[in-house]
Amino acid sequence: MKKAWIRYCACFALLGSLLLALLVWNITAGSVDFTPGEILSTLLNPESGIIWGIRLPRVLAAAILGGGLSVSGFLLQTFFANPIAGPFVLGISSGAKLTVSLVMIFLLSRGVTVGSMGLIAAAFAGSMLSMGFILLLSRRVKQMSMLVISGVMTGYICSAVTDFLVTFADDSNIVNLRNWSLGSFSGTSWDNVKIMSWVIFASLALAFLMSKPIGAYQMGEVYAQNMGVNIKRFRVELILLSSVLSACVTAFAGPISFVGIAAPHLIKGLFHTAKPLVIIPACFLGGAVFCLFCDLIARTAFAPTDMNISSVTAIFGAPVVIYLMASQRSRRMKEGT
């Protein structure tokens, strides 16, 4: 037990160091380079400029939203007892993207702007619709691979409808939704950072408070019931939390692929445990590090042109998913022989 906690402390220290290093690196690197001294002086004397007005809000958004997306993926994997479950793969992010696009198109075409909370509400509604469809399918489809394929197809349908709406929109502002729909942390304001912080950290705190029932649920529904967990209420709470987290990410940054799958598994492999008390905060740090690293590449690889964040996260996240599917298949084959 002592060795395990020493490992946990070392891993948290590693993630904290990586997070700090990437925060500094993301602020300094770009089309205009800054020295650490210039950054420090800017932070001590905040004023409008590249660092305070553009880079710092984007960096904080990448860390906060990346962490929230990772925790959402962990909750979904626990709910479905499925290592491939995640907001993007199950089509939940695409459902949120569709409803946000519909709301923005409807309001912008009438000259009405929509606030951050309105976007989050719209994204939450889309997430819940997609989640409800997946839950209905899960009752009929028992094979994990078929459930994942159904989620992917749902995501493709929602994305196709969104692209159709955006393509034929007349307003130039609506057409710019295409960049958002591909995923990006650019254009984040301090007001956005404040709102996403409230939503993500409140959801994170609630998820952390549910660590004990989540740990019991990981052992099976029967075990959780014997431990006094109200399964129906617990499942609803888990769905709501994961949907709020993924909806907040989609509302501010668009759908971001593979972070919700890759980051939790990388963290569990690093810590050698799946204990929610440890993994939930670790997933937040791991998702923040993952998204900061990917956003750094997205901003600097072809500077001054920004790549879509989903393109970069897919490059690093998709191999993790392929490895999980391959290892799961080999495990089944061994169990069958």
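Above this text you will find the structure in question.
Residues numbered from 1 in each chain as written. Predicted model: local features only at pLDDT ≥ 70, side-chain atom pairs only at ≥ 80, totals over all residues. Heavy atoms only, no water.

Peer 1: Looking at this model, I keep getting lost on the overall build of the chain. Mind explaining?
Peer 2: When its secondary structure is counted, the chain shows 15 helices and 0 strands. For the chain, the residues scored as buried account for 49% of the 337 residues in total. By sequence separation, contacts in the chain at least 24 residues apart represent 77% of the contacts at least 6 residues apart. Within the structure as shown, the chain displays about 16,400 Å² of accessible surface, and the carbon and sulfur contribution to it stands at 68%. (Helix = DSSP H or I, 4+ residues; strand = E, 2+ residues; numbered from the N terminus. Buried < 20%, exposed > 50% of the residue type's maximum accessible area, 1.4 Å probe, protein only. Contact = heavy atoms within 4.5 Å. Areas by Shrake-Rupley, 256 points an atom, 1.4 Å probe, with all protein chains shown as cover.)

Peer 1: How should I be thinking about the packing of aromatic side chains in this particular structure?
Peer 2: The geometry of an aromatic ring pair is captured by the separation of the ring centres together with the interplanar angle, meaning the angle of the planes. Within this structure, the stated rule accounts for 7 aromatic pairs. Consider the rings of Phe 201 and Phe 284, whose centres lie 5.5 Å apart with planes at 50°: the pair is tilted. Taken together, the residues span a long stretch of sequence, with Phe 201 in helix 9 (residues 190–209) and Phe 284 in helix 14 (residues 276–300) at a distance of 83 residues. On the basis of relative accessibility, which here comes to 12%, the residue Phe 284 falls in the buried class. Taking the centre distance of 5.0 Å and the plane angle of 45° together, the rings of Tyr 217 and Phe 234 count as tilted. Taken as a pair, Tyr 217 in helix 10 (residues 211–218) and Phe 234 in helix 12 (residues 231–253) lie far apart in primary sequence, 17 residues in all. (Phe/Tyr/Trp six-rings, centres within 6.5 Å; stacked < 30°, edge-to-face > 60°.)

Peer 1: I tried to follow the environment of Lys 275 on my own but got confused; where do I start?
Peer 2: One can find Lys 275 in the loop between helix 13 (259–271) and helix 14. Given a relative accessible area of 37%, Lys 275 falls into the partly exposed group.

Peer 1: What is the right way to look at the nonpolar core in this model?
Peer 2: One recurring pattern in soluble globular proteins: nonpolar side chains tend to sit buried together. Leu 65, Leu 75, Phe 80 and Phe 271 are the most contacted members of the largest nonpolar core, which has 83 residues in total. Once residues within four sequence positions are removed from consideration, Phe 80 is found in contact with Ala 85, Leu 90, Met 131, Ile 134, Leu 135, Ser 138 and Leu 147. Counting residues in each nonpolar core, the second largest holds 9 residues, with Ile 84, Ile 261, Val 321 and Leu 324 among its members. (Core = buried A, V, L, I, M, F, W, Y, C linked by side-chain atoms within 4.5 Å.)

Peer 1: Sorry if this is basic, but what is going on with a nonpolar patch on the surface here?
Peer 2: On the surface, Met 146, Ile 149, Met 153 and Tyr 156 cluster together into a nonpolar patch covering about 420 Å² of accessible area. Counting through the fold element by element, Met 153 comes out in helix 6 (residues 144–167). (Patch = residues over 30% accessible without salt bridge, like charges linked within 9 Å, V, L, I, M, F, W, Y side chains within 5 Å. Salt bridge = Lys/Arg side-chain N within 4 Å of Asp/Glu carboxyl O.)

Peer 1: Even after reading the chapter, I still don't get the pattern of salt bridges, so can you show me in this structure?
Peer 2: Considering all chains together, one arrives at 3 salt bridges under this definition. Measuring nitrogen to oxygen at the nearest pair gives 3.2 Å for the salt bridge that ties Glu 221 to Arg 235. Here the residue Glu 221 occupies a position in helix 11 (residues 221–226), and Arg 235 occupies one in helix 12, the gap between them amounting to 14 residues. Exposure remark for Arg 235: the relative accessible area of 27% places this residue in the partly exposed category. Ionic pairing is found between Glu 237 and Arg 233, a salt bridge with its closest N-O pair at 3.7 Å. Here the residue Glu 237 and the residue Arg 233 both occupy positions in helix 12, the gap between them amounting to 4 residues, near one helical turn. Looking at Glu 237, the relative accessible area reads 31%, which means it is partly exposed.

Peer 1: Quick question: what am I supposed to make of the packing of helix 3 (residues 50–80) against helix 9 here?
Peer 2: Describing two packed helices takes the angle between their axes plus the distance from one axis to the other. Close contact between helix 3 and helix 9 brings their axes to 10 Å; oriented N to C, the two are set at 25°. Of the possible angle classes, the one that applies to helix 3 and helix 9 is roughly parallel. Like other packed secondary-structure pairs, helix 3 and helix 9 cross with a definite hand, here left-handed. Residues Trp 52, Leu 56, Pro 57, Leu 60, Ala 61, Ile 64, Leu 65, Gly 68, Val 71 and Leu 75 of helix 3 lie in contact with helix 9, whose contacting residues are Trp 190, Val 193, Met 196, Ser 197, Ile 200, Phe 201, Leu 204 and Ala 207. For the contact of helix 3 with helix 9, the residue count by class is 16 nonpolar, 2 polar and no charged. (Axes fitted to C-alpha atoms, helices over the stretch in contact; angles between N-to-C directions. Parallel < 35°, antiparallel > 145°, perpendicular 65-115°, else oblique. Left-handed = near helix turned anticlockwise from the far one by under 90°. Nonpolar A, V, L, I, M, F, W, Y, C, P; charged D, E, K, R; others polar.)

Peer 1: Where do I start with the packing of helix 10 against helix 14 in this structure?
Peer 2: Packing of helix 10 against helix 14 brings their axes to within 9 Å, and their N-to-C directions diverge by 110°. By the criterion of interaxial angle, the relationship of helix 10 to helix 14 is roughly perpendicular. Contacts between helix 10 and helix 14 pair Ser 211, Ile 214, Gly 215 and Gln 218 from the former with Pro 276, Leu 277 and Ile 280 from the latter. Grouping the constituent residues of the contact of helix 10 with helix 14 by class yields 4 nonpolar, 3 polar and no charged.

Peer 1: So what exactly am I meant to see when it comes to the environment of Phe 201 here?
Peer 2: Residue classification places Phe 201 among the partly exposed positions, given a relative accessible area of 39%. It is 9.9 Å that separates the C-alpha atoms of Phe 201 and Phe 284, two residues lying 83 residues apart in sequence. If we ignore the near neighbours within four places in the chain, the residues touching Phe 201 are Ile 64, Met 196 and Phe 284.

Peer 1: I keep staring at helix 12 and nothing clicks. Help me out?
Peer 2: Counting along an α-helix, one turn takes 3.6 residues, and residues three or four places apart therefore face a common direction. Relative to the 33 Å expected for 23 residues at 1.5 Å per residue, helix 12 spans 33 Å between its end C-alpha atoms, a close match to the ideal helical length. Looking at the residues trailing helix 12, positive phi occurs at Gly 254, about 80°. (Expected span 1.5 Å × (residues − 1).)

Peer 1: What's the story with the side chain of Ser 310 in this structure? I'm lost.
Peer 2: Relative to the assigned elements, Ser 310 resides in helix 15 (residues 309–336). Beyond its immediate sequence surroundings of up to four residues, Ser 310 is in contact with Leu 182, Gly 183, Pro 255, Ile 256 and Ser 257.

Peer 1: Even after reading the chapter, I still don't get the side chain of Ser 130, so can you show me in this structure?
Peer 2: Counting through the fold element by element, Ser 130 comes out in helix 5 (residues 116–140). At a separation of 3.3 Å, a polar atom in the side chain of Ser 130 contacts the main-chain carbonyl oxygen of Gly 91. In contact with Ser 130, not counting residues within four places along its chain, are Gly 91, Ile 92 and Gly 95. (Polar contact = N/O pair within 3.5 Å; in protein donor to acceptor, adjacent residues only side chain to side chain.)

Peer 1: Can you help me understand the state of the cysteines in this one?
Peer 2: In protein structure, a disulfide is the covalent linkage between the sulfur atoms of two cysteines. For the structure on display, the rule yields 0 disulfides. Just so you know, Cys 11 is unpaired, no disulfide at all, and the nearest cysteine sulfur is the one on Cys 9, 9.4 Å from it. (Disulfide = S-S within 2.5 Å.)

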